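What follows is the residue order along each chain.
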Amino acid sequence: MSLVLSPESWSIIALSLRVAGLAIAFTVPVAVLVAYLLATRRFWGWHLVNAICHLPLVLPPVITGYLLLQGFRADGLFGSLLDNFFGISVAFRWTGAALAASVMAFPLIMRPIRLAFEVQNPEVLEVAKTLGASKLTGFLTISLPLAIPGILAGAVLGFAKAMGEFGATITFVSNIPGETQTLALGIYSLMQTPNGDREALTLIMFGVLTSFAAIILSEIVVRGISRRRGGGDA
Amino acid sequence: MLEVSVRGSRGNFAYEYVFGVTEGITAVWGKSGAGKTTLLKVIAGLEKPKTGSIRFGEQRWLDSGTRTFRDPRRRHCGYVPQSGILFPHLTVKKNLTYSNRISSRKADVALETMTALLDLDQLLDRYPDSLSGGEARRVALGRAMMSNPSVLLLDEPFSGLDDQRIVDISKHILTLNRKFSVPVLLVTHSLREVARIADLMIVVSDGRVLDAGPVEDLLPRIGTDPETGSSSVLISGKIEGYDEVYGLNQLNVEGQTLLLPGGKLDTGVRLRILIKASEVLIAADAKAKTSARNHLNCTIQRVEELPDNRVQLWLGVGTQQIVSEITRFALDELGLSMGKQCVAILKSVSLSNHVFQRDSA
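Quick notes on the rules
- Counting from 1, residues in each chain are numbered in the order their sequence is written.
- Just so you know, chain letters begin at A and ligand numbers begin at 1, following the order they were written in.
- Local features in a predicted model are, by the rule used here, given only for residues with pLDDT of at least 70; side-chain atom pairs are given and counted only at 80 or more, and totals for whole chains, interfaces and linings are based on all residues.
- Computation of side-chain values covers all heavy atoms of the structure but excludes hydrogens and water.
- Helix and strand definitions follow DSSP, with helices as H or I runs of at least four residues and strands as E runs of at least two, each counted in order from the N terminus.
- Categorising residues by exposure relies on relative accessible area from a 1.4 Å probe, with only protein chains included: less than 20% of the type maximum marks a residue as buried, more than 50% marks it as exposed, and the intermediate range marks it as partly exposed.
- Here, Shrake-Rupley sampling with a 1.4 Å probe gives the accessible areas, and only protein chains in the shown set may cover a residue.
- His is not counted, nor are the chain ends, whereas Lys and Arg count as positive and Asp and Glu as negative.
- In plain terms, the charge of a residue is placed at NZ if it is Lys, CZ if Arg, CG if Asp and CD if Glu.
- Within this document, salt bridges are pairs made up of a side-chain nitrogen of Lys or Arg and a carboxyl oxygen of Asp or Glu, the two lying within 4 Å of each other.
- Here, strands pair whenever DSSP counts at least two bridges between them.
- Throughout, a disulfide means two cysteine sulfur atoms within 2.5 Å of one another.
- Note on contacts: a residue pair qualifies if any of its non-hydrogen atoms lie within 4.5 Å across the two residues.
- As used here, buried area is the combined drop in accessible area, with a 1.4 Å probe, of two parts when they are placed together.
- Only buried residues count toward a nonpolar core. Its members are Ala, Val, Leu, Ile, Met, Phe, Trp, Tyr and Cys residues joined through side-chain atoms within 4.5 Å.
- With axes taken as lines fitted to C-alpha atoms, and helix axes fitted only over the stretch in contact, angles between N-to-C directions fall between 0 and 180 degrees.
- Should an angle lie under 35 degrees it is considered roughly parallel, over 145 roughly antiparallel, and from 65 to 115 roughly perpendicular; all remaining angles are considered oblique.
- Each residue is assigned to one class: nonpolar for Ala, Val, Leu, Ile, Met, Phe, Trp, Tyr, Cys and Pro, charged for Asp, Glu, Lys and Arg, and polar for all the others, Gly among them.

Chemist: Just to check I follow, could you spell out the overall build of chain A for this structure?
Modeler: Regarding its fold elements, chain A presents 11 helices and 0 strands. N-terminal to C-terminal, the α/β element order of chain A is α-α-α-α-α-α-α-α-α-α-α. Overall size of chain A, expressed as C-alpha extent along the three principal axes, is 70 × 45 × 30 Å. Residues classed as buried in chain A amount to 47% of the 234 residues present. Accessible surface, chain A: about 12,000 Å² in total, of which carbon and sulfur atoms supply 71%. Each charge sign in chain A was given a centre, from 15 positive and 12 negative side chains, and these centres are 9 Å apart.

Chemist: Sorry, what's going on with the pattern of salt bridges here?
Modeler: Close approach of charged atoms allows side chains of opposite charge to pair. All names here are of chain B. Inspection of the entire model under this criterion finds 18 salt bridges over all chains. The partner of Asp 168 in a salt bridge is Arg 138, and the shortest N-O contact between them spans 3.6 Å. Separated by 30 residues along the polypeptide, Asp 168 in helix H6 (residues 163-179) and Arg 138 in helix H5 (residues 133-145) bring together distant segments of the chain. An identical accessibility class is assigned to Asp 168 and Arg 138; each is buried.

Chemist: Would you mind going over the pairing of strand E4 (residues 51-56) of chain B with me for this structure?
Modeler: Sheet faces and side chains relate simply in a regular strand, where the side chains alternate between the two faces. All names here are of chain B. Because side chains alternate across E4, one face comprises the buried residues Gly 52, Ile 54 and Phe 56, and the other comprises Thr 51, Ser 53 and Arg 55, none of which is buried. Relative to strand E5 (residues 59-63), E4 runs antiparallel, the two sharing 4 bridges. When the sheet's bridge partners are listed, Arg 55 is paired in E5 with Arg 60. Linking two consecutive strands that pair antiparallel, namely E4 and E5, is a turn of 2 residues; a positive phi of about 55° is found at Gly 57 within it.

Chemist: Please clarify how the state of the cysteines should be interpreted in this entry.
Modeler: As used here, a disulfide is simply a covalent bond connecting the sulfur atoms of two cysteines. Residue and element names in this part refer to chain B. Scanning all chains against the criterion turns up 0 disulfides over all chains. Summary of cysteine pairing: Cys 298 is not part of a disulfide, and the nearest cysteine sulfur, belonging to Cys 342, is at 4.2 Å. Note on Cys 298: relative accessible area 1%, which makes it buried.

Chemist: For this particular structure, what's the right way to read the interface of chain A and chain B?
Modeler: Accessible area lost on assembly of the parts is the figure often given for the size of an interface. Chain A puts 22 residues into the contact, and the matching count from chain B is 22 residues. When chain A packs against chain B, close to 2,100 Å² is buried across both sides, 63% of that on carbon and sulfur atoms. On the chain A side of the interface with chain B, the three residues burying the most area are Val127(A), Thr130(A) and Leu131(A), jointly 32% of the side's total. Across the contact surface, chain A and chain B share 2 salt bridges.

Chemist: Please clarify how the nonpolar core should be interpreted in this entry.
Modeler: What tends to happen in soluble globular proteins is that the nonpolar side chains get buried as a cluster. Residues Leu152(B), Leu154(B), Ile173(B), Leu186(B) and Met201(B) are the most contacted members of the largest nonpolar core, which totals 47 residues. It is H5(B) that provides the largest number of residues to this core, a total of 6 residues. Every residue in contact with Leu186(B), bar those within four places of it in the chain, is listed here: Ile25(B), Thr26(B), Ala27(B), Val28(B), Leu154(B), Pro157(B), Phe158(B), Ile173(B) and Ile197(B). Core analysis: the next-biggest nonpolar cluster, separate from the first, contains 40 residues, Val124(A), Leu39(B), Leu62(B) and Leu185(B) among them.

Chemist: Is there a simple way to explain unusual backbone geometry in this structure?
Modeler: Only a minority of non-glycine residues have a phi that is not negative, and only a minority of peptide bonds are not trans. All names here are of chain B. Its identity as a non-glycine residue notwithstanding, Arg 67 has a phi of 55°, on the positive side. Structurally, Arg 67 is set in the loop between E5 and strand E6 (68-69). Its identity is not glycine, yet Ser 181 carries a phi of approximately 35°, on the positive side. Positionally, Ser 181 belongs in the loop between H6 and strand E9 (184-188).

Chemist: Where do I start with the sheet that holds strand E21 (residues 341-346) of chain B in this structure?
Modeler: Across a sheet, paired strands are connected by hydrogen bonds in the backbone, their directions being either parallel or antiparallel. Residue and element names in this part refer to chain B. Spatial ordering of the open sheet is given by E17-E21-E18-E19-E20, a layout of 5 strands whose pairing is antiparallel. Two strands bound the open sheet, and with one partner strand each, they are strand E17 (280-283) and strand E20 (320-327). Going from strand to strand, the sheet's axes swing by 45° on average, the running direction of each strand aside.

Chemist: What is the right way to look at the packing of helix H3 (residues 61-72) of chain A against helix H4 (residues 77-86) of chain A in this model?
Modeler: A pair of packed helices is captured by two measures, namely the crossing angle of their axes and the spacing between those axes. Residue and element names in this part refer to chain A. Following both chains from N to C, one finds H3 and H4 inclined at 45°, their axes separated by 4 Å at the closest point. Considering their axes alone, H3 and H4 lie oblique with respect to each other. Residues Gln 70, Gly 71 and Phe 72 of H3 pack against Leu 77, Phe 78, Gly 79 and Leu 82 of H4. The residue inventory of the contact of H3 with H4, partitioned by class, reads 4 nonpolar, 3 polar and no charged.

So this is what it looks like as structure tokens:
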């Protein structure tokens, strides 16, 4: 069996990495902010925000994709806003695939980060305040660095999820080779193609390997950080 | 210098603190759950009372009348919570310099001076979790000091430390207080630690300040120590000599001499001894020959009845006071009563466990 990938497969992998990379770059900062608010504040509508954040986890991906399609088509509520203000269109574009991956990965990214904020001893921040730290300084110099293991764990989980996202993506931006055909969609297409099985298998192995590597890498990084600090706060 | 008069609640714990503090070391003493930590947090600005005022020197930190509330970061309190709580992701050195890096506060004292003073030189590159309990407390003290504090607020600075570490930390607290003349408020539940280190004390119970004043005045008023079930008092004196042959320090207390076994202390050093009522024997006159070498002539000032046919005698020694707990039988047998002279007998060995040096030297 040959593990040599065809140019088409390479382009599928490259696209998947691009989509997952954009999704993570966009989602992690948002997730950090939302996780921090959910972990440290009790505001009116807390449960509603929390539920919305977790919705993609339990909603059938087709429904998530459908909702994205309705919102982000050229004449949709968000689609027309994006188009008017930034001249961006995501419908049937690779950026749309990244958006779908972001939404689907969001709860997976946000949860470990929220946990990382929740386990922090609030007295650490109190001490920082008495030493002259403003709220923002306290967040940037204490809360955020202490949450790094959680942020990394969330990012890795989210990246793996974004790489393999299928249902919402195919519903939202369809399965266009070279534009929206990411890993899972590529495998799906190959399996529908006569003699495509072998090529599909190499893509599958690639998917398995990257997922493995991501999880092991994150474990190593998180351990490295907590060993340097002697653990306990991750 | 620090004047507090506030009222508020934290969850369903209501508090009302009224007291004043001068320079020196003030112990906030009370049982657990009495509201000692809340009192510190009120001063630090981490707990906002509903009404009242806090004045520190010329500064108004709180005034509910004019809706003044000074943010914790502008109060410059060196707050050290229980067990120190260092920043776990920063090295000891970065913990120490945190305040200087993130704010415009510049310490009056160089980092090298502070690390030498607190014996931290070997620890600078270590992370907090690799430190022992005593080391972590010293770093926390140093971190607070490097922020140029107007007052040090220490929450149970001795909890969880063994005796040697307690001696060590209290020596450092004394040094910081005397050398940099920064007033210290420290929370403790242990009368022994109050006796060891504090000049003033504030007695807290159920969210209220029951009593405040010099430790020597307050200890006799507090009555029973919940830890030992016995009354305790402090007497203080000055070292005036050393007996090389027997290894005994001579302590002058109101013109009388107490002998304290142990290493030689410098002449002139002031000591404070915590004396427990249960450890003081009474003789009717000085003729009794005993193995105890410490006899203090005193006058019975008050006889207090206790349960189980016990009595507590309050005895005047010059201007100071000690206390002895004996049975009513002994009281009657010896014919002791108010105004009579008697001799208080103290065992040197038991005394030496409760001797605290008052100078940082």
